[in-house]
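Descriptive analysis of the structure
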Amino acid sequence: MKVDINTLNQWDASHSWHSFTQMQEYLENKPLHITHAKGCWLYDDEGKRYLDGNASNWTNVHGHSNPELNAALIQQLENLQQSSYKDLSHPAASELCHELISIAPKGIERCFFTDNGASSVEAAIKLSFQYWQLTENPQKKLIIGMEGGYHGDTFGAMSAGNSCFHQRFSEWFLPAHYFMAPQPDDMSKSLEDLDRLLETYAHQTAILFLEPSVQGPRGMYLQPPGFLQAVAERCKSHNIHLALDEIFVGLGRLGHMLVSAAENVTPDFICLSKTLTGGYLPLAATLTSQKIYEAFLGDFSEGKTFLHGHTFAANPLATAVSIQNIKKLKQVIETGALKNTCDYFNKCIESYFAKHPFVKSVRQRGLACTLELYPGNNNHFNPNERIAHHLSLYLREKEILLRGVGNTLLIVPPLCITHLEIDFLCQQTAEAIHEYITNKVGTALSIAV
Ligand SMILES: Cc1ncc(COP(=O)(O)O)c(C=O)c1O
């Protein structure tokens, strides 16, 4: 029997604990249960629609309830739902390995599955540490990360970045050093800072982590052309593994399949998750080279085996839907459809927000955009007001779901969004920013001058 919505709201209020959510505040707001979805639209129990401007945590590619992805999933459901990937394989996992290697830069030949982004980063860190032990470089234990980097919420992943979300836990981080992020049009200071770190620590460093092209979770901080190659060259010349976290930027988000391949860089590790299953099921992959893989080969008694794994790694349902997702993604990239969407999104973001009186700055690349909100003139909002978060709740009345962090509004739609939907998204958001800030300034909100 279907449970009525009031009971569900009550159970949610009494027993849930939502991620990245201040529960006291959550309980003060109107609850929203999403009950079904189609294309770029999510629906609540009353049938009210919301445009999924957050691509359901930056995962959705071809839309919700996509017929081809559904069919792949249903077919797999009838055959095999879960099976161990320890000492065993299954057809969907093998085919997905083949698909992933077909899109990876030359030299990447192995695929290690996990089931979420942070775990794919942990796997890269442990593979790197073990590789250096196995190849007689046990002193290589340090991690280098970039200012503002975000790679997930587990301890290794937190250590590889230095996100403001994780400062509370920094005293338990693995040994790591961080270099300055580049400006969107100037990488010189960042590279100088990296060179300074390398001069002192290269010999002890195992791995450098980078979100190439765009630091998404930090708020779409853009890197200039050539930055990735410059970092890659330094890693190579100092014998340090380069791990590219393409969890957000990879698999279509920036308009191409992988940033590494598009920029002709072969790193030692590529981490993928988020869009990997088109937004259907949890899955992640850490891709690496044959050279790293071969260092782990040997008789079991030699102790070289990588003793690491997750119960649902390479889950058959997730891998089956991922194959279909990647095949379809290849098509939308090859036909130019994705580029067309990105170009239109770029044009609309520019025309709706570049001169918006309450948008201080816009950072956008591909289908990823951030709006920094401010009250106009030279003022700024008090960061604790979290204007973008409150605005995101206001936007629900305008049929838009976006995520707001502090004073930053993030726009990350599904890759299949249509031109009409982009217009609707931008128009409603621009209007809401105007109404909300005009109405609220001088009443509830405080402005720091
Ligand atoms: C760039 C990047 N890396 C890693 C992660 C962590 O992924 P997960 O939430 O699946 O652990 C995220 C999630 O937002 C991300 O954007």
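Residues numbered from 1 in each chain as written. Predicted model: local features only at pLDDT ≥ 70, side-chain atom pairs only at ≥ 80, totals over all residues. Heavy atoms only, no water.

What to know about the overall build of the protein chain
- When its secondary structure is counted, the protein chain shows 16 helices and 19 strands.
- In terms of overall dimensions, the protein chain is globule-like: its C-alpha atoms have a radius of gyration of 22 Å, near the 22 Å expected for 449 residues.
- Dimensions of the protein chain, computed from the C-alpha atoms along their principal axes, are close to 70 × 55 × 45 Å.
- A buried classification covers 51% of the 449 residues belonging to the protein chain.
- Taking as baseline every contact in the protein chain between residues at least 6 positions apart, the subset at least 24 positions apart corresponds to 71%.
- If you sum the accessible surface of the protein chain, you get close to 21000 Å²; carbon and sulfur atoms cover 52% of it.
- When the 35 positive and 46 negative side-chain charges of the protein chain are each reduced to one mean point, those points stand 2 Å apart. (Helix = DSSP H or I, 4+ residues; strand = E, 2+ residues; numbered from the N terminus. Rg over C-alpha atoms; globule rule 2.2 N^0.38 Å. Buried < 20%, exposed > 50% of the residue type's maximum accessible area, 1.4 Å probe, protein only. Contact = heavy atoms within 4.5 Å. Areas by Shrake-Rupley, 256 points an atom, 1.4 Å probe, with all protein chains shown as cover. Lys, Arg positive; Asp, Glu negative; His and termini not counted. Charge placed at Lys NZ, Arg CZ, Asp CG, Glu CD.)

What about the pattern of salt bridges?
- Scanning all chains against the criterion turns up 13 salt bridges.
- The closest approach of N and O atoms between arginine 196 and aspartate 193, which form a salt bridge, is 2.7 Å. In this pair, arginine 196 and aspartate 193 both sit in helix 8 (residues 188-201), three residues apart, roughly one turn of the helix.
- The exposure class of arginine 196 is partly exposed, given its relative accessible area of 48%.
- Its relative accessible area of 13% is what places aspartate 193 among the buried residues.
- Among the salt bridges present, the one from lysine 398 reaches glutamate 435, with a minimum N-O distance of 3.3 Å. Taken together, the positions of lysine 398 in the loop between helix 15 (387-395) and strand 16 (400-401) and glutamate 435 in helix 16 (residues 419-440) put the pair 37 residues apart, joining distant regions of the chain.
- Under the relative-accessibility criterion, lysine 398 is labelled buried at 14%.
- In this structure glutamate 435 comes out as partly exposed when scored by relative accessible area, which is 29%.
- Linked by salt bridges that have partners in common, Lys398, Glu431 and Glu435 make up one network. (Salt bridge = Lys/Arg side-chain N within 4 Å of Asp/Glu carboxyl O.)

A closer look at the pairing of strand 18 (residues 408-411)
- Judged by which residues are buried, strand 18 turns out to be covered on both faces: Thr408 and Leu410 on one side and Leu409 and Ile411 on the other are all buried.
- Pairing of strand 17 (residues 403-405) with strand 18 involves three bridges; the strand directions are antiparallel. The partner of arginine 403 across the bridge, within strand 18, is leucine 410.
- Linking two consecutive strands that pair antiparallel, namely strand 17 and strand 18, is a turn of two residues; a positive phi of about 60° is found at glycine 406 within it. (Pairing = 2+ DSSP bridges.)

Quick notes on the site of the ligand
- Lining the immediate surroundings of the ligand are 13 residues, of which Gly117, Ala118, Pro217, Asp245 and Lys274 lie closest.
- Separating a nitrogen atom of the ligand from a backbone N or O atom of tyrosine 150 is a distance of 3.5 Å.
- Burial of the ligand by the surrounding chains reaches 82%, relative to a free accessible area of 390 Å².
- Classifying every residue of the shell around the ligand by side-chain character gives six nonpolar, four polar and three charged. (Near = heavy atom within 4 Å. Polar contact = N/O pair within 3.5 Å; in protein donor to acceptor, adjacent residues only side chain to side chain. Nonpolar A, V, L, I, M, F, W, Y, C, P; charged D, E, K, R; others polar.)

A word on unusual backbone geometry
- At serine 56, a position not held by glycine, the phi torsion is positive, near 45°.
- Considering the arrangement of structural elements, one finds serine 56 in helix 3 (residues 55-58).
- Not every positive phi belongs to a glycine, and glutamate 136 is a case in point at roughly 60°.

Comments concerning the sheet that holds strand 3 (residues 49-52)
- The four strands lie next to each other as 1-2-3-16, forming an open sheet whose pairing is mixed. At either margin of the open sheet sits one strand with a lone partner, and together these are strand 1 (34-38) and strand 16.
- Where strand 2 (residues 41-44) meets strand 3, three bridges bridge the pair, whose relative direction is antiparallel. Residue pairing across strands places tyrosine 43 opposite arginine 49, the latter belonging to strand 3.

Quick word on the nonpolar core
- Ranked by internal contacts, the top residues of the largest apolar core, which has 62 residues, are Leu100, Phe113, Leu373 and Ile433.
- Counting residues per element, this core draws most heavily on helix 16, which supplies eight residues.
- Here this core gathers at least three residues from each of two domains, domain 1 (32-65 + 336-448) and domain 2 (68-334).
- Those residues within four positions of leucine 373 in sequence are excluded, and the remaining contacts are Phe358, Val359, Phe381, Ile387, Ala388, Leu391, Asn407, Ile433 and Ile437. (Core = buried A, V, L, I, M, F, W, Y, C linked by side-chain atoms within 4.5 Å. Domains from an automatic or database assignment.)

Here we look at the domain arrangement of the protein chain
- The domain boundaries assigned to the protein chain delineate domain 1 (32-65 + 336-448) and domain 2 (68-334).
- Between the C-alpha centres of domain 1 and domain 2 the distance comes to 28 Å.
- Taken together, the contacts link 28 residues of domain 1 with 29 residues of domain 2.
- Roughly 2200 Å² is buried in total at the junction of domain 1 and domain 2, and carbon and sulfur atoms are behind 61% of that figure.
- The largest share of the area that domain 1 buries against domain 2 comes from Trp58, His62 and Arg365, three residues that together contribute 33% of it.
- Where domain 1 packs against domain 2, one counts zero salt bridges.
- Across the domain 1-domain 2 interface, the total number found is 15 residue pairs in polar contact (both at pLDDT 80 or more).
- Among the secondary structure elements, those contributing two or more residues to the side of domain 1 that touches domain 2 are helix 3, helix 14 (337-353), strand 13 (359-365) and strand 14 (368-373). (Buried area = accessible area lost by both parts, 1.4 Å probe.)

Remarks on helix 14
- Counted at 1.5 Å a residue, the expected span for helix 14 with its 17 residues is 24 Å, and the 24 Å between its end C-alpha atoms agrees.
- The set of residues buried in helix 14 consists of Leu338, Thr341, Cys342, Tyr344, Phe345, Cys348, Ile349 and Phe353. For helix 14, the angular spread of the buried residues around the axis is 165°, confining them to a single face. Those residues of helix 14 that are exposed and angled more than 90 degrees off the buried face are Lys339, Lys347, Glu350 and Ser351.
- As for helix 14, its buried residues are in contact with helix 13 (316-334), strand 13, strand 14, strand 18 and helix 16. (Expected span 1.5 Å × (residues − 1). Arc of directions from axis to C-beta.)

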